[in-house]
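Chain residues, written in single-letter form:
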Amino acid sequence: MNSRGFTLIELLVVLVIIGVIVGMATVAFRDTRGEELEREARRLITILQLASEEATLRSETLGLRVADDGYAFLRRPQLSAEWQVIEDDKALGPRQLPAPLRLQLTVEGLDASKGASAPRNGESKEIQPHVYLFSSGELTPGFEINVVHPDLQAFYRITGREDGKLEFHEEQ
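Cut-offs and rules
Residues numbered from 1 in each chain as written. Predicted model: local features only at pLDDT ≥ 70, side-chain atom pairs only at ≥ 80, totals over all residues. Heavy atoms only, no water. Buried < 20%, exposed > 50% of the residue type's maximum accessible area, 1.4 Å probe, protein only. Helix = DSSP H or I, 4+ residues; strand = E, 2+ residues; numbered from the N terminus. Pairing = 2+ DSSP bridges. Phe/Tyr/Trp six-rings, centres within 6.5 Å; stacked < 30°, edge-to-face > 60°.

1. Some thoughts on the pairing of strand β5 (residues 102-107)
Note on strand geometry: in a regular strand, side chains alternate between the two faces of the sheet.
Right, so step 1: Here β5 shows a clear split, with Leu103, Leu105 and Val107 buried on one side and none of Arg102, Gln104 and Thr106 buried on the other.
Right, so step 2: Relative to strand β8 (residues 143-148), β5 is paired through 6 bridges, and the arrangement is antiparallel. Opposite leucine 105, over in β8, you have isoleucine 145 as the bridge partner.
Right, so step 3: Bridge count for β5 against strand β6 (residues 110-111) is 2 bridges, and the pairing is antiparallel. By the bridge assignment, threonine 106 is partnered in β6 with aspartate 111.
Right, so step 4: Hairpin connection of β5 to β6: 2 residues between the antiparallel strands, including glutamate 108 at a positive phi of 50°.

Written out as structure tokens, the structure reads:
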């Protein structure tokens, strides 16, 4: 018996294989920049809320130091005049943003973090917070942190109010 061509089963198998390859390529080349931007912004507001609760529970003032590429929470030990980076807490430890994400901090309309560097583990130079989280639950009033990606127009804004409330907005 001479057969010419392909059977229907063979054609269906080839189509399934092509479909799987196209599906994998679509997943591999999907643009995740927006998702990464949102994830980092949500992480930051969640950690800010956690730090504010920690300050209230421990009856101490905590600080936030913001740089273009990351941030760190600070604590001033009792009987000390110097702020120290919180390193012994996984959630509040220094955070480096994945490249190319950036932070922009303004406090009462002034650019507060331009050129600032985030404190690194073990850094001993005198550092000051940009934002204070008070034990009363209040925050430095009028601060805004924008989490931006240089290739995207959309960004996320975290705004701190004096009463301790944090607001989260996606901006276009």
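2. As for unusual backbone geometry
Right, so step 1: Of note, the bond from alanine 99 into proline 100 is cis; its omega dihedral lies within 30 degrees of zero at 0°.
Right, so step 2: Mapped onto the fold, proline 100 is located in the loop between β4 (95-96) and β5.
Right, so step 3: Of note in the backbone geometry, serine 59 takes a positive phi value of approximately 55° without being a glycine.
Right, so step 4: On the accessibility criterion, serine 59 (59% relative accessible area) is exposed.
Right, so step 5: Phi angles above zero are rare outside glycine, and leucine 79 is one such case at about 65°.
Right, so step 6: One can find leucine 79 in the loop between β2 (70-75) and β3 (84-85).

3. Quick word on the packing of aromatic side chains
Right, so step 1: Throughout the structure, instances matching the rule amount to 4 aromatic pairs.
Right, so step 2: Measuring from ring centre to ring centre gives 6.2 Å for tyrosine 71 and phenylalanine 73, while their planes differ by 85°; the resulting arrangement is edge-to-face.
Right, so step 3: Taking 6.0 Å as the distance between ring centres and 15° as the angle between the ring planes, the aromatic pair formed by tyrosine 132 and phenylalanine 134 counts as stacked.
Right, so step 4: For phenylalanine 134, a relative accessible area of 31% puts it in the partly exposed group.
Right, so step 5: Through pairs of rings, three or more aromatic residues link up here, namely Trp83, Tyr132 and Phe134.

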